[in-house]
Structure formats: structure tokens, C-alpha cells
There are 4 protein chains.
Amino acid sequence: MQLMRKYVLTSEIAREIINKAEEKAKEFGVRVCIAVVDDGGNLLEFRRMTGAPILSIGISQNKAYTAIAFGLPTSKWYELIKDEPALLHGIVHTPRLVIFAGGVPIKVNGQIIGGIGVSGATAQQDEEIALAGISVVENLTNIEQ
Amino acid sequence: MQLMRKYVLTSEIAREIINKAEEKAKEFGVRVCIAVVDDGGNLLEFRRMTGAPILSIGISQNKAYTAIAFGLPTSKWYELIKDEPALLHGIVHTPRLVIFAGGVPIKVNGQIIGGIGVSGATAQQDEEIALAGISVVENLTNIEQ
Amino acid sequence: MQLMRKYVLTSEIAREIINKAEEKAKEFGVRVCIAVVDDGGNLLEFRRMTGAPILSIGISQNKAYTAIAFGLPTSKWYELIKDEPALLHGIVHTPRLVIFAGGVPIKVNGQIIGGIGVSGATAQQDEEIALAGISVVENLTNIEQ
Amino acid sequence: MQLMRKYVLTSEIAREIINKAEEKAKEFGVRVCIAVVDDGGNLLEFRRMTGAPILSIGISQNKAYTAIAFGLPTSKWYELIKDEPALLHGIVHTPRLVIFAGGVPIKVNGQIIGGIGVSGATAQQDEEIALAGISVVENLTNIEQ
């Protein structure tokens with residue numbers, strides 16, 4: 001019987017992820033909310049760009065939560081449930097579950113270490129912004145295997 | 001680094017908006033709830049006309065909230081999401097989001113300064129009542145550019 | 001009948017406030033959560049320092065909310081209610097109300113433009129960290145009277 | 001900029017913790033609920049012994065949550081706040097916070113890797129049962145320093 005080990009996001013990395021995501025949002029000329037949660041779904045860092053919709057405050061956090069809570073980008077959910085009417089009409093009521101794009105798990109060596117959620121632009125742009133953010137982690141070099 | 005400035009609804013204007021909206025409701029011969037929120041979504045003024053449905057107390061407030069939280073009339077939401085099934089089945093679960101007519105942002109010089117929400121008649125009448133209400137603000141003359 | 005005008009926090013200033021607050025936390029050698037909300041109580045920026053308690057995620061946001069929602073530092077609340085047993089036992093149940101130090105309104109020219117909430121250290125340290133954060137706004141020079 | 005690493009509870013260890021805690025409860029002749037959460041506060045394993053109070057289902061989980069969310073045994077909370085009236089009357093309203101004994105963080109090398117919460121007996125027995133449970137982790141030998 002043995003403990004496992006896992007990687008953990010720091011506050012500094014969460015901030016870098018948000019900075020990078022915001023750069024992408026500015027490239028697109030959109031104003032979004034960006035949330036980063038740890039692997040337990042607890043909020044680490046959040047930013048509402050000036051003028052981003054208030055509605056996106058909660059949605060961005062829920063996208064980040066959904067990403068860690070099921071280990072999939074939120075953009076995959078609709079595909080998963082669309083042909084199962086009971087899921088399509090049922091599972092969407094799960095608290096905090098978001099089934100449209102903009103939430104992406106943050107992974108290192110296949111392990112989920114957190115999630116990012118973006119809301120305020122089109123769902124596709126939200127996801128691209130999220131992916132730009134997590135490129136910060138993909139570029140970390142000093143990760144032991 | 002500089003603060004922005006923006007316009008703010010007063011209690012007096014909120015009441016005028018509701019008075020004007022109520023006039024329209026009376027023209028239609030309907031009984032509605034009318035809510036006005038500020039730009040942060042916090043309730044400023046509320047009126048339930050005698051005999052208006054209790055169910056509309058909450059819906060009118062959520063319509064006003066939705067209007068400021070995304071900056072669009074709630075009547076635009078269905079159009080936005082109807083061809084995006086993930087949104088159609090997903091975003092409707094966002095707390096306080098209303099996707100049918102009756103909520104309208106109150107804008108001055110392109111800035112959202114609040115929202116009005118009307119509920120109790122048909123969705124189309126609700127919206128017309130809301131629009132009648134906010135004509136009060138459109139007619140304000142002493143707004144500096 | 002005339003609209004008022006108000007100052008508005010930007011995302012950039014919210015971030016500066018949190019950066020400054022975090023510096024103070026590091027001076028104290030403590031790990032805290034720091035939240036900045038706008039004048040409507042809606043979250044603008046949030047940071048959980050590495051190792052700060054998860055319990056503080058919500059408390060910091062509620063402190064910031066309480067600060068704007070009543071216009072007082074949360075440290076003033078206990079003094080206000082301690083000799084009124086009905087308040088002492090009653091008002092503390094108000095959702096999101098925090099009656100201990102760490103939440104401070106952000107004011108410009110006497111106007112509340114937002115709130116900061118800090119949680120994770122002692123209540124007194126939390127407040128000092130919050131005050132350090134909002135010194136950023138007090139030092140803004142280009143504010144029209 | 002570097003990721004941290006930390007230890008992680010497995011399902012197997014969580015079950016061992018609960019088995020050990022249940023043994024202690026049986027020694028005491030009491031019927032309790034026992035919850036084990038991971039370091040993010042998410043439920044890993046739960047057991048309601050036959051005849052344990054239904055009220056304890058929630059309390060045990062909140063005790064485990066409180067333990068990880070602040071890093072202290074819940075039995076320490078009253079001591080912390082009893083001489084600070086603002087906390088005594090205020091912080092007790094924090095959602096999921098439990099300020100009486102029975103919740104204990106599970107630590108390895110000083111790191112919080114989870115929490116256990118026990119409810120259904122006296123607060124003191126609840127804590128002893130929790131401590132018996134986590135002795136499982138203290139006895140793990142193959143932990144790298």
C-alpha cells in the first residue's frame with residue numbers, strides 16, 4: 001500500500017497561464033473572464049478583463065471545474081451526450097457542469113493538475129484562449145518523469 | 001493606470017423607468033412585474049402590479065440581471081444559441097440566465113448602466129413594456145458626451 | 001432628473017491592488033487569498049497564494065462583497081452589532097456577510113468603486129494586507145475631482 | 001517557474017483509514033459516519049455504520065472538508081476563536097466549517113494529503129476514531145523524503 005505522487009500548480013504558474021490566455025484574448029480583440037482551478041477544482045487565480053460580461057464570472061469558473069472534474073475539455077461534452085437523449089436532457093442539470101467549449105484540463109505527464117475556464121467570446125475563441133493559456137505548462141522543462 | 005468613469009442610474013430615474021413601463025402595461029391591459037437593476041445587477045426598484053403573477057417576481061429580476069450580465073436584450077438569446085446545440089442544451093442552465101424576451105439593458109453612450117426586466121404578459125409584450133420604460137433614459141438631455 | 005457619474009475599477013488596477021497586497025503578505029510571511037470586486041460586488045480579480053487555505057477562497061470573496069455592500073471595512077462590523085443582541089445573533093446569518101477584519105471598501109473621492117477581501121492570516125494581518133493593496137488606488141494621481 | 005509535487009491518497013488507503021477508524025468505533029461501542037476526502041476536499045470514501053445517525057452523514061463530510069480547508073483538526077477551532085468575539089459570532093457561518101472535534105487533516109511529511117471526518121459519537125470520541133484511522137498513513141514506510 002503506497003501513496004501516489006502528483007504535480008501541483010503553484011500560484012505563480014496559474015498567473016502565467018492567465019497572462020498568456022489574456023494575450024490571446026487581446027489578439028482576438030475580445031474581453032473574457034479567465035479562471036484557473038487546481039486539481040481539486042478549488043479556485044487558484046481569476047481575472048475579469050475590463051468590460052468582460054458579468055455572466056462569464058461564474059461560467060468561466062464552472063468550465064474550469066468541469067475540466068478537472070471529468071478530465072475532458074468541455075468542448076467534448078456535447079459530442080459525448082448528443083445521441084443519448086437521457087443524458088442530453090438529464091446530465092446537463094448537474095451542478096457546475098458546462099457542456100460547451102472553453103474549459104480545458106491542465107495536464108502534465110498525463111496527470112490532471114488543474115483546469116482553465118474561459119468565457120465571454122464565442123465558445124471556439126474561449127477554447128483557443130484557454131489552450132493558449134495552458135501552453136505555459138506544456139513549455140515547463142524541469143518536470144521530472 | 002487610470003480609473004474609468006461611467007454613468008449611474010439613480011433611484012429617481014429607476015422609478016421613472018418603472019412608471020413609464022407600467023403605463024405601457026396598462027395600455028396593453030396586462031399585469032406585470034417590473035424590475036430595474038444597476039450595472040452590477042443589484043436591484044434598484046421593483047414593482048408588482050396588483051394581480052401580477054407571483055412567478056414573475058423572480059423572472060423579472062432575472063431578466064434584468066441577464067440584460068446587464070451579457071449586455072443584450074434577453075430576446076436575442078435564442079437566436080444566438082439555436083444553431084449551437086451545445087449552447088442550446090447547456091448555457092440555459094446558467095443560474096439567473098433568461099433566454100426569452102422581457103429583459104433589456106439600459107445604455108447611455110453605449111455604456112450599460114443598468115437593466116430592466118418585465119414578466120407577466122406575453123414575452124413580446126414584456127419586451128415592449130421594458131422598451132417603453134427605458135425610453136425615459138434615451139430622452140435624458142443633460143448627458144455629457 | 002440627471003444621471004450620476006462614478007469611477008470604475010479596471011482589470012489592470014485590480015491586478016495592481018492584488019500584487020501590492022501580496023507583497024505585504026510576503027512581508028508578513030503569510031499565505032492568503034485575495035479577492036477584488038467591483039462596486040456591484042462582482043469578482044474582478046482573485047489570487048490564492050501557493051499554500052493559502054482553501055477555506056479562504058470563499059471568505060476572501062465574501063469579505064470583499066461585504067465591504068462594498070455596506071461601505072464599511074468588515075473590521076467595523078462587530079463593534080456595530082456587539083451591544084445589540086438581536087443583531088449579534090441575527091444579522092450574522094445574512095448570506096455573504098463577514099463581520100471580522102480583512103474586507104475593505106476601495107474608495108475614490110468618497111465613492112465606493114470596489115472592495116478587497118483578504119483571508120488566511122490573522123484577521124488583523126488580513127486587514128493590513130488589504131489596506132496595503134488599496135494604497136494603489138490612493139496613489140492614483142489622474143483623478144478628476 | 002516550477003511545478004511542486006505532493007503525495008496523493010489512493011482509494012485503497014482511504015478504505016484502510018476507514019476500516020481502522022471503524023475498528024475504534026466498535027471498541028467504543030458507537031455507530032458513526034466516517035468520511036475521507038482528498039486534499040481538494042473531494043470525497044474519496046465514506047461509510048455509515050449500521051444505525052449511525054443520518055444527521056452525521058453531512059457533518060462527517062464537513063468535518064473532513066474543514067480539516068483540509070484550513071489544515072487543522074476541527075477540535076482546535078473553538079480555542080482559536082473563543083477570545084475573538086467577531087470570529088466566534090462570525091466565522092461559524094462559513095459554509096461547511098465545523099468548529100468541534102472529529103475532523104483531522106491527514107498529513108505526510110507536513111503536507112496535507114486529505115482529511116477524515118467522524119460524526120455520531122461524542123465529539124471527543126469522534127476525534128479519537130479519526131486519529132485511529134489516520135494512524136494507517138503514519139505507519140506507511142515507503143514514503144520518499
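Starting afresh in each chain, residues are numbered from 1 along the sequence in its written order. A letter from A marks each chain and a number from 1 marks each ligand, given out in the order of writing. In keeping with the predicted nature of the model, local features appear solely for residues at pLDDT of at least 70, side-chain atom pairs appear and are counted solely at 80 or more, and the whole-chain, interface and lining totals rest on all residues. Side-chain numbers here rest on the full set of heavy atoms in the structure, without hydrogens or water.

## Remarks on the overall build of chain A
Across its full length, chain A carries five helices and five strands. Secondary structure is summarised from DSSP: a helix means a run of H or I of at least four residues, a strand means a run of E of at least two, and numbering begins at the N terminus for each. Ordered by position in the sequence, the α and β elements of chain A form the string β-α-β-β-α-α-α-β-β-α. With the radius of gyration taken over C-alpha atoms, the globule rule is written as 2.2 Å times the number of residues to the power 0.38. Its C-alpha atoms give chain A a radius of gyration of 15 Å, near enough to 15 Å, the size a compact globule of 145 residues would have. In terms of overall dimensions, chain A has a C-alpha envelope of 45 × 45 × 20 Å along the principal axes. Think of it in three bands: residues with accessible area under 20% of the maximum for their type are buried, residues over 50% are exposed, and the middle band is partly exposed, with areas taken using a 1.4 Å probe on protein chains only. Burial status across chain A gives 60% buried among its 145 residues. Whether two residues are in contact is decided by their heavy atoms: any pair within 4.5 Å suffices. Within chain A, residue pairs in contact and separated by at least 24 positions form 64% of the contacts whose partners lie at least 6 positions apart.

## Regarding the relation of the copies chain D and chain A
In the superposition of chain D on chain A (RMSD 0.2 Å, axial shift 0.1 Å), the rotation amounts to 179°. Interpreted geometrically, this transformation is the action of a two-fold axis. No C-alpha of chain D approaches the rotation axis more nearly than that of G40(D), which lies at 2.1 Å. Mapped onto chain A, 96% of the interface residues of chain D are again interface residues, and the two copies thus contact each other with one and the same surface. Superposing the copies works by least squares over the C-alpha atoms of residues that have pLDDT at least 70 in both of them.

## Comments concerning the sheet that holds strand β5 (residues 111-119) of chain B
All names here are of chain B. When DSSP locates at least two bridges between a pair of strands, those strands are taken to pair. Sheet architecture is open: four strands sit in the order β3-β2-β5-β4, paired in antiparallel fashion. Strand pairing shows two members of the sheet lacking a second neighbour, β3 (43-48) and β4 (103-108), which therefore form its edges. Averaged over all adjacent pairs, the angle separating strand axes in this sheet is 15°, with direction ignored. Every axis in this analysis is a line fitted to C-alpha atoms, fitted for helices over the stretch in contact. Angles between the N-to-C directions lie between 0 and 180 degrees. The strands that helix α2 (residues 55-70) touches are β2 (33-38), β3, β4 and β5; relative to β5, the one it contacts most, it runs at about 155°.

## Some words on the pattern of salt bridges
By convention in these notes, a salt bridge is any Lys or Arg side-chain nitrogen within 4 Å of a carboxyl oxygen on Asp or Glu. For the coordinates displayed, the defined rule picks out 40 salt bridges over all chains. Close ionic contact of D39(C) with K6(C) constitutes a salt bridge, the shortest N to O distance being 2.4 Å. Linking D39(C) in the loop between β2 (33-38) and β3 (43-48) with K6(C) in strand β1 (residues 4-8), this pair joins segments that are 33 residues apart in sequence. Each member of the salt-bridge network shares a partner with another, and the members are R15(A), E45(A), E22(C), K26(C) and R47(C).

## Some details on the interface of chain D and chain A
Taken together, the contact pairs 23 residues of chain D with 22 residues of chain A. Once two parts are joined, some of their accessible surface, as seen by a 1.4 Å probe, is lost; buried area is that loss totalled over both. Summed over both sides, the interface between chain D and chain A buries roughly 2,300 Å², with carbon and sulfur atoms accounting for 63% of that surface. Area buried by chain D at its contact with chain A is led by M1(D), L3(D) and R5(D), which between them contribute 36% of it. Counting across the chain D and chain A interface gives one salt bridge. Pairing of N or O atoms within 3.5 Å defines a polar contact, subject to two protein rules: one partner must be a possible hydrogen donor and the other a possible acceptor, and residues neighboring in sequence count only if both atoms are side-chain atoms. On inspection of chain D and its partner chain A, the count reaches six residue pairs in polar contact (both at pLDDT 80 or more). Looking at the side of chain D that touches chain A, the elements that each hand over two or more residues are β1 (4-8) and α1 (11-28) of chain D. Nonpolar residues are Ala, Val, Leu, Ile, Met, Phe, Trp, Tyr, Cys and Pro. Charged residues are Asp, Glu, Lys and Arg, and all others, Gly as well, are polar. When the residues that make up the side of chain D that touches chain A are grouped by side-chain class, the tally is 12 nonpolar, five polar and six charged. Direction of pairing for strand β1 (residues 4-8) of chain A relative to β1(D): antiparallel, over a ladder of five bridges.

## Considering the side chain of R47(C)
Looking at the element boundaries, R47(C) is found in strand β3. Classification of R47(C) by relative accessible area gives buried; the value is 0%. In terms of polar contacts, R47(C) uses its side chain to reach the side chain of E45(A), at 3.1 Å. At a separation of 2.7 Å, a polar atom in the side chain of R47(C) contacts the side chain of E22(C). For R47(C), the residues in contact, after removing those within four places along its chain, are S11(A), R15(A), L44(A), E45(A), I18(C), N19(C), E22(C), V32(C), C33(C) and I34(C).

## Considering the pairing of strand β5 (residues 111-119) of chain C
Residue and element names in this part refer to chain C. Most of β5 is tucked away: seven of the nine residues are buried. Alignment of β2 against β5, held across six bridges, turns out to be antiparallel. Along β5, the bridge assignment pairs C33 with S119. As defined by bridge partners, strand β4 (residues 103-108) adjoins β5 across six bridges and the pair is classed as antiparallel. If you follow P105 over to β5, its bridge partner there is G115. What sits between β4 and β5 in their antiparallel hairpin is a turn of two residues, with N109 showing a positive phi close to 50°.

## Looking at helix α5 (residues 123-138) of chain D
All names here are of chain D. In a regular helix each residue adds 1.5 Å, so 16 residues correspond to 22 Å; α5 covers 22 Å between its end C-alpha atoms and thus fits that length. Within α5 the residues assigned to the buried category are D126, E127, I129, A130, A132, G133, I134, S135, V136 and V137. If you follow the buried residues of α5, they end up packed against α1, α2 (55-70), β4 (103-108) and β5 (111-119). What a helix is expected to span follows from its residue count: subtract one and scale by 1.5 Å.

## Some words on the relation of the copies chain B and chain C
When chain B is fitted to chain C, the residual RMSD is 0.2 Å, and the transformation amounts to a turn of 179° plus an axial shift of 0.1 Å. The residues that chain B uses at the interface reappear at the interface of chain C in 96% of cases, marking a shared surface.

## Details of the confidence of the model for chain A
Averaged over all residues, the pLDDT of chain A is 95; the fraction at 70 or higher stands at 97%. For this predicted complex, the interface confidence score (ipTM) comes to 0.95, while the overall pTM stands at 0.96. pLDDT gives the predictor's per-residue confidence on a scale running from 0 to 100.

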